[in-house]
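Chain residues, written in single-letter form:
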Amino acid sequence: SRIRRLHTYYLSHCMHSLPHLTGLRELYVGSHVDHILLPILSQHCLFLEIVRLSEYSSATVEQVVELIQSCSGTLTVLQLDHASCVESNTLATALVPHCLHLQEIVFGSLMASHPSTSMDSCVLALSWHCPELRELNMYCYGKASEIALLQLIAACPQLSLIHI
């Protein structure tokens, strides 16, 4: 398909067209029907480069992981504002090993309500699995130890922005 960018907010009325979106490159997941849409998108949208997950998404953590796994060879940008991420960084840590070409990861403002959550496991996972990382943006979420950040800096030579 020629469609390259999609916001799921607008898809509840045209779900029958999802299998035809094989050329999709950017996905913004932010709808009350995402729990229905994501399994379909995971099967057909294998070349996603950018995934932005809104706090309004009804997708489950498992569905998000499945989506990211399906496009692991092409994903370069991942933004997590999803409510399931607020409790801990488990989702991010689970996703990172499937994001070998990740260049930018953003932990959105929704996560500001848990400022004491340590992001060390996620930052270390990024250092182990994402050597192409250029930007880490966790401006409103948690904290990372100096040791974890130094490990990330050493492992990612292209890293030019850390926003904490």
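Data block above holds the structure.
Residues numbered from 1 in each chain as written. Predicted model: local features only at pLDDT ≥ 70, side-chain atom pairs only at ≥ 80, totals over all residues. Heavy atoms only, no water.

**Student:** Run through the side chain of Gln 63, naming residues and quoting values.
**Tutor:** As for its placement among the helices and strands, Gln 63 is situated in helix 2 (residues 61–70). One polar contact links the side chain of Gln 63 to the main-chain amide nitrogen of Thr 60, over a distance of 3.0 Å. Dropping the residues within four chain positions of it, Gln 63 is found in contact with Asp 34, His 35, Leu 38, Pro 39 and Ser 42. (Helix = DSSP H or I, 4+ residues; strand = E, 2+ residues; numbered from the N terminus. Polar contact = N/O pair within 3.5 Å; in protein donor to acceptor, adjacent residues only side chain to side chain. Contact = heavy atoms within 4.5 Å.)

**Student:** Describe the environment of Arg 25, naming the residues involved and giving the relevant values.
**Tutor:** Here Arg 25 shows up in the loop between strand 1 (5–7) and strand 2 (26–29). Arg 25 sits 26 residues away from Val 51 along the chain, and the two C-alpha atoms are 8.6 Å apart. Not counting the four nearest positions on each side in its chain, Arg 25 is found in contact with Arg 4, Phe 47, Leu 48, Glu 49 and Ile 50. A distance of 3.0 Å separates the side chain of Arg 25 from the backbone oxygen of Gly 23, its partner in a polar contact.

**Student:** Outline the side chain of Glu 26, listing residues and values.
**Tutor:** Tracing the backbone shows Glu 26 in strand 2. Given a relative accessible area of 16%, Glu 26 falls into the buried group. Beyond its immediate stretch of four places on either side in the chain, Glu 26 contacts Arg 4, Arg 5, Leu 6, Leu 48, Ile 50 and Arg 52. (Buried < 20%, exposed > 50% of the residue type's maximum accessible area, 1.4 Å probe, protein only.)

**Student:** Run through the packing of helix 4 (residues 120–129) against helix 5 (residues 146–155), naming residues and quoting values.
**Tutor:** Helix 5 packs onto helix 4 with a crossing angle of 15° between their chain directions and a minimal axis gap of 8 Å. As judged from the angle between their axes, helix 4 and helix 5 are roughly parallel. The two elements helix 4 and helix 5 meet at a crossing, and its hand is left-handed. Residues Asp 120, Val 123, Leu 124, Leu 126, Ser 127 and Trp 128 of helix 4 lie in contact with helix 5, whose contacting residues are Ala 148, Leu 149, Gln 151, Leu 152 and Ala 155. Looking at side-chain class alone, the contact of helix 4 with helix 5 contains 8 nonpolar, 2 polar and 1 charged residues. (Axes fitted to C-alpha atoms, helices over the stretch in contact; angles between N-to-C directions. Parallel < 35°, antiparallel > 145°, perpendicular 65-115°, else oblique. Left-handed = near helix turned anticlockwise from the far one by under 90°. Nonpolar A, V, L, I, M, F, W, Y, C, P; charged D, E, K, R; others polar.)

**Student:** An account of the nonpolar core is requested, with residue identities and associated values reported.
**Tutor:** Of all hydrophobic cores here, the largest spans 45 residues; its most connected members are Leu 41, Leu 78, Leu 102, Phe 107, Leu 126, Leu 133 and Leu 136. Non-local contacts of Leu 126, meaning those with residues more than four positions away in its chain, are made with Val 96, Leu 102, Ile 105, Leu 133, Leu 136, Leu 152 and Cys 156. (Core = buried A, V, L, I, M, F, W, Y, C linked by side-chain atoms within 4.5 Å.)

**Student:** Which residues make up the sheet that holds strand 6 (residues 135–137), and what values go with them?
**Tutor:** Sheet strands pair by backbone hydrogen bonding; their relative direction is either parallel or antiparallel. Taken in spatial order, the 7 strands line up as 1-2-3-4-5-6-7 in an open sheet, and their pairing is parallel. Two strands close off the open sheet at either side, each with one partner strand: strand 1 and strand 7 (161–163). Geometrically, the sheet is characterised by an average inter-axis angle of 5° between neighbouring strands, direction not taken into account. Inspection of the sheet shows strand 6 paired to strand 7 by 3 bridges, in the parallel sense. Within the sheet, the bridge partner assigned to Leu 136 lies in strand 7 and is Ile 162. (Pairing = 2+ DSSP bridges.)

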